[in-house]
Amino acid sequence: MARRNLKYQFLQAINNSFKENMDKHADKANGIRNTDKIYSYSSRSNLLDLSANFANYMREVYPEVHKVSDIQAEHIQCFLNSKTETCSQLSLNQYGAMFRKLEKCVNAKYHCDVKYGCAVVPASSKNGGGKIRNVMLSQNDFKTLIKSTSNQNLKKALTLSYHFGLRAAECAKLKYEDIKNNGISIIDSKGKRSRFIPAESEKQKQILMQFKEKERGRVCPVQHQSLEQAFRRELKKNGIAIQNGAFHTCRKAYATRKYKEYRENSSIKESLSKVSVNLGHGANRFELMKEYICTALV
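This one's a predicted model, so the numbers in the text were calculated from it and none came from an experiment.

Asks: Quick one: what's the story with the overall build of the protein chain, residue by residue and with numbers?
Replies: For the protein chain, the count of helices and strands is 13 helices and two strands. Dimensions along the principal axes, computed over C-alpha positions, put the protein chain at roughly 75 × 40 × 35 Å. Within the protein chain, contacts between residues separated by at least 24 positions form 67% of all contacts whose residues are at least 6 apart in sequence. Counting every atom, the protein chain has about 15600 Å² of accessible surface; 47% of that belongs to carbon and sulfur. Positive and negative charge centroids in the protein chain, built from 52 and 28 side chains respectively, lie 4 Å apart.

Asks: Give me the lowdown on the pattern of salt bridges, citing residues and values where you can.
Replies: Summed over the entire model, instances satisfying the criterion amount to seven salt bridges. With its nearest N and O atoms 2.6 Å apart, the salt bridge here joins arginine 167 to glutamate 170. Neither residue differs from the other here; arginine 167 and glutamate 170 are each classed as buried. When the shortest N-O distance is used, the salt bridge between glutamate 170 and arginine 195 registers 2.8 Å. Remark: arginine 195 occurs in strand E2 (residues 195–198) and glutamate 170 occurs in helix H8 (residues 168–173); sequence separation between them is 25 residues. Pair check on accessibility: glutamate 170 and arginine 195 agree, each one buried. The network of salt bridges with shared partners includes Arg167, Glu170 and Arg195.

Asks: Which residues make up the environment of glycine 165, and what are the values?
Replies: Inspection of the secondary structure puts glycine 165 in the loop between helix H7 (152–164) and H8. Remark: the alpha-carbon pair of glycine 165 and valine 275, spanning 110 residues in sequence, is separated by 9.4 Å.

Asks: I'd love a proper account of helix H1 (residues 6–17), names of residues and values included.
Replies: The end-to-end C-alpha distance of H1 is 17 Å, a good match for the 16 Å that 12 residues give at a rise of 1.5 Å each. Those residues of H1 hidden inside the fold are in contact with helix H3 (41–61) and helix H5 (89–110). Of the residues that open H1, the one with a side-chain oxygen 3.3 Å from the backbone nitrogen of lysine 7 is asparagine 5.

The rules we used
Residues numbered from 1 in each chain as written. Predicted model: local features only at pLDDT ≥ 70, side-chain atom pairs only at ≥ 80, totals over all residues. Heavy atoms only, no water. Helix = DSSP H or I, 4+ residues; strand = E, 2+ residues; numbered from the N terminus. Contact = heavy atoms within 4.5 Å. Areas by Shrake-Rupley, 256 points an atom, 1.4 Å probe, with all protein chains shown as cover. Lys, Arg positive; Asp, Glu negative; His and termini not counted. Charge placed at Lys NZ, Arg CZ, Asp CG, Glu CD. Salt bridge = Lys/Arg side-chain N within 4 Å of Asp/Glu carboxyl O. Buried < 20%, exposed > 50% of the residue type's maximum accessible area, 1.4 Å probe, protein only. Expected span 1.5 Å × (residues − 1). Polar contact = N/O pair within 3.5 Å; in protein donor to acceptor, adjacent residues only side chain to side chain.

Below, the structure is given as structure tokens:
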């Protein structure tokens, strides 16, 4: 690859994939899909605009990167994250789709194997993200609630949800025999799915030992609605302004904390998948996880 700037390299890759009068519908009829082909002038123009914008960003933030083949998914991710304050969710989603097309164009032109599409489109804080429900319980608020409440069932449920990501209904159903030395078994939860939540930190292991010292039977022998109502009462009593007040904010605190831990050794998508599995949603639920992870996807 000649030593040209990134903008020029993207231009060559895009032009290599664009030819006049290509028939997209004919290709689809013949089973040709998801290729590097660019069928319209408007698509070509949009790709040129995005690639030029991205090339300028790379020059400013990552000046050491000189080849499009050296651009990593992490570079794409940082660029997308930088747009969350100014771009709508629709624009961010379109950027994600165009980066997937750019990936194909670059690989076709330069015979490489870039993975631009591995970046996860973040939630816009302008109008697609920043939702009221996308709020987690802070560590200070968690400590306040634990110290304040005299409701032992709520105290146990708060601990299980904040440190292991359990739903209120899972806390109400959990039995002491489901608590193992190395994690918690959730049996027949939402959608009749079961899962095992591993204890990976010393704090989690300490909590398991505290629970295993207790009697048998249900850990929180009440209905989950009672836990949710008690949670809201404690928020109000302590002046904690969580507008949605949902017990789910405990799960989101767990999800955000675990994402940061996993991200130290795994990619963004791998980290999101691990958190999703722990929460009981299955792997590769990236769009859903953006409503749970209350931090930038970096």
